[in-house]
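Read off the chains here:
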Amino acid sequence: MDLVLNVADSYVLTPYVYPESWAEDGALRQILSLLVVTNLGAAILYLGLGAFSYYFIFDHSLMKHPHFLENQVRREIKHAMTSLPWISLPTVALFFAEVRGYSKLYDNVSDSPLGWSGLFLSMVSFLFFTDMCIYWIHRFLHHKLIYKLFHKPHHIWKIPTPFASHAFHPVDGFLQGLPYHIYPFLFPLHKVLYLALYVFVNIWTISIHDGNYRVPSGLVSVINGSAHHTDHHLFFDYNYGQYFTLWDRLGGSYRHPSALMGKGPLDLIRKLQAEGKLEKEAVNGHAQRSAPSKDE
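The model shown is predicted, which means the values in this text are computed figures rather than measured ones. (Residues numbered from 1 in each chain as written. Predicted model: local features only at pLDDT ≥ 70, side-chain atom pairs only at ≥ 80, totals over all residues. Heavy atoms only, no water.)

Caption draft 1: The confidence of the model for the protein chain, seen in detail. Looking at the protein chain as a whole, the pLDDT averages 91, with 94% of positions reaching at least 70. Note that pLDDT drops below 50 for residues 287-296; the model gives that stretch 16 contacts with residues more than four away or on any other chain. (pLDDT = per-residue confidence, 0-100. Contact = heavy atoms within 4.5 Å.)

Caption draft 2: Seen up close, the packing of aromatic side chains. Using the criterion set out here, one finds 21 aromatic pairs in the structure. The interplanar angle of 80 degrees and the centroid separation of 5.0 Å between the aromatic rings of Tyr54 and Tyr55 together place this pair among those described as edge-to-face. When its relative accessible area of 59% is taken as the criterion, Tyr55 is described as exposed. Here Tyr183 and Phe187 contribute two aromatic rings whose centre-to-centre distance is 4.9 Å and whose plane-to-plane angle is 40 degrees, an arrangement assigned as tilted. (Phe/Tyr/Trp six-rings, centres within 6.5 Å; stacked < 30°, edge-to-face > 60°. Buried < 20%, exposed > 50% of the residue type's maximum accessible area, 1.4 Å probe, protein only.)

Caption draft 3: Looking closely at the packing of helix α3 (residues 72-99) against helix α6 (residues 170-186). Relative to each other, α3 and α6 sit at 20 degrees, their axes nearing to 9 Å. Put simply, α3 runs roughly parallel to α6. The two elements α3 and α6 cross, and the hand of that crossing is right-handed. Judged by residue contacts, Ser83, Trp86, Ile87, Pro90, Thr91, Leu94, Phe95, Ala97 and Glu98 of α3 engage Pro170, Gly173, Phe174, Leu178, His181, Pro184 and Phe185 from α6. Across the contact of α3 with α6, the residue classes break down as eleven nonpolar, four polar and one charged. (Axes fitted to C-alpha atoms, helices over the stretch in contact; angles between N-to-C directions. Helix = DSSP H or I, 4+ residues; strand = E, 2+ residues; numbered from the N terminus. Parallel < 35°, antiparallel > 145°, perpendicular 65-115°, else oblique. Left-handed = near helix turned anticlockwise from the far one by under 90°. Nonpolar A, V, L, I, M, F, W, Y, C, P; charged D, E, K, R; others polar.)

Caption draft 4: Up close: the nonpolar core. One finds Leu34, Phe126, Tyr180, Leu189 and Tyr243 to be the most contacted residues of the largest nonpolar core, which totals 26 residues. A per-element tally of this core places helix α4 (residues 115-141) first, with six residues. In terms of nonpolar packing, the next biggest core, distinct from the first, is built from 25 residues, Tyr46, Leu94, Ala227 and Ile269 among them. (Core = buried A, V, L, I, M, F, W, Y, C linked by side-chain atoms within 4.5 Å.)

Caption draft 5: Structural detail: a nonpolar patch on the surface. Among the surface-exposed residues, Val7, Tyr11, Val12, Tyr16 and Val17 lie close enough to one another that they form a single nonpolar patch of about 580 Å² accessible area. Among the structural elements, Tyr11 can be located in helix α1 (residues 2-17). With relative accessibility at 61%, the residue Tyr11 sits in the exposed group. (Patch = residues over 30% accessible without salt bridge, like charges linked within 9 Å, V, L, I, M, F, W, Y side chains within 5 Å. Areas by Shrake-Rupley, 256 points an atom, 1.4 Å probe, with all protein chains shown as cover. Salt bridge = Lys/Arg side-chain N within 4 Å of Asp/Glu carboxyl O.)

Caption draft 6: Unusual backbone geometry, seen in detail. Non-glycine residue Asn71 carries a positive phi angle of around 55 degrees. Secondary-structure assignment places Asn71 in the loop between α2 (27-56) and α3. Phi is positive for Phe236, which is not a glycine, with a value near 75 degrees. In this fold, Phe236 is placed in the loop between α8 (226-235) and α9 (246-250).

Caption draft 7: Highlighting the packing of α4 against α6. α6 packs onto α4 with a crossing angle of 150 degrees between their chain directions and a minimal axis gap of 9 Å. Relative to α6, the element α4 is oriented roughly antiparallel. By crossing handedness, the relation of α4 to α6 is classed as right-handed. Counting all contacts with α4, which are made through Ser122, Ser125, Phe126, Phe129, Thr130, Cys133, Ile134, Ile137, His138 and Leu141, the residues of α6 involved are Asp172, Leu175, Gln176, Pro179, Tyr180, Ile182, Tyr183 and Leu186.

Caption draft 8: View of the side chain of Thr161. Within the element layout of this structure, Thr161 appears in the loop between α5 (147-151) and α6. Within the structure, the side chain of Thr161 is placed 2.4 Å from the side chain of Glu76, a separation counted as a polar contact. Excluding residues within four positions of it along the chain, Thr161 makes contact with Tyr54, Phe58, Phe68, Gln72, Val73, Glu76 and His209. (Polar contact = N/O pair within 3.5 Å; in protein donor to acceptor, adjacent residues only side chain to side chain.)

Caption draft 9: Structural context of the environment of His155. In this structure, His155 sits in the loop between α5 and α6. Along the primary structure His155 and His232 are separated by 77 residues, whereas in three dimensions their C-alpha atoms are 9.0 Å apart. When sequence neighbours within four positions are dropped, the list of residues in contact with His155 reads His142, Tyr147, His232 and His233. Of the polar contacts made by the side chain of His155, one reaches the side chain of His142; its length is 3.2 Å. Here the side chain of His155 touches His151 through a polar contact of 3.3 Å, side chain to side chain.

Caption draft 10: View of the pattern of salt bridges. Taken as a whole, this structure holds six salt bridges when the rule is applied. Among the ionic pairs, Asp9 bridges to Arg29, the shortest N-O distance being 2.9 Å. Of this pair, Asp9 sits in helix α1 while Arg29 sits in helix α2; the two residues are 20 residues apart in sequence, bridging distant segments of the chain. Arg29 gets classed as buried once you look at its relative accessible area, which sits at 3%. Across the pair Asp231 and Arg255 runs a salt bridge, and its minimum N-O distance is 3.4 Å. Of this pair, Asp231 sits in helix α8 while Arg255 sits in the loop between α9 and α10 (265-274), and the two are 24 residues apart along the sequence. The buried category is assigned to Asp231, whose relative accessible area is 1%. A relative accessible area of 25% means that Arg255 is categorised as partly exposed. What emerges from the salt-bridge pattern is a single network uniting Asp2, Asp107 and Lys191.

Structural data, given as structure tokens:
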């Protein structure tokens, strides 16, 4: 994160924001700067990537589903934008420790004993380490003593849109993001690669909420995609993984995506429309049914 902070200092903060008496390496200044940079970066990534996915990838037919809530997109965005500042507080503490040199982040490829191959290995290990940690954190958040306190708000969105990706309770959001920040304190990682992986993580988190259920047939049993994660939102006790299905298989929580068996949300919409129980057009982002149904 010091790379981002250095750019912010050079082009904005030092010339336009802070007085000359505030040294760039001052602790208070670094903490305040990290708070601003972290919140601004999170909002840009969330709103920018979320909007791109929503307008160009998300299947808007899903908004006709009986479980899609009225004004859901607006509610998802409001929930996320309310939670992100709170999530940033403990996150900034970890970023501050990184900036102060307590992590194993390094600047140059030559600093790695394995050179370029070390970058590749650290990327792979980052994905598998964080996937393992998130699986168990996510499963822990589904424990009956914990679920209602922290994780239930994210499961309001049974048919999620890309904007549901960051719509967490602050404690839930921080805990599920914690493995990404812990990794560079445990294992060597190039600073630029760390930033690239941070962006990738946000892209992936949005992608598994984007309603695009198409997965290459050879990867369905390996990659945890949107079809897998939608079933997690619908059926609760399955597909806790982030990138891969490995830990769901080992933990006995894997469920083959219903969308890939002709039993997914879009299949239900088509069935209800054929039976005349669902209007063909959605109004204000909420499915209009010809007959009342039991509230969730």
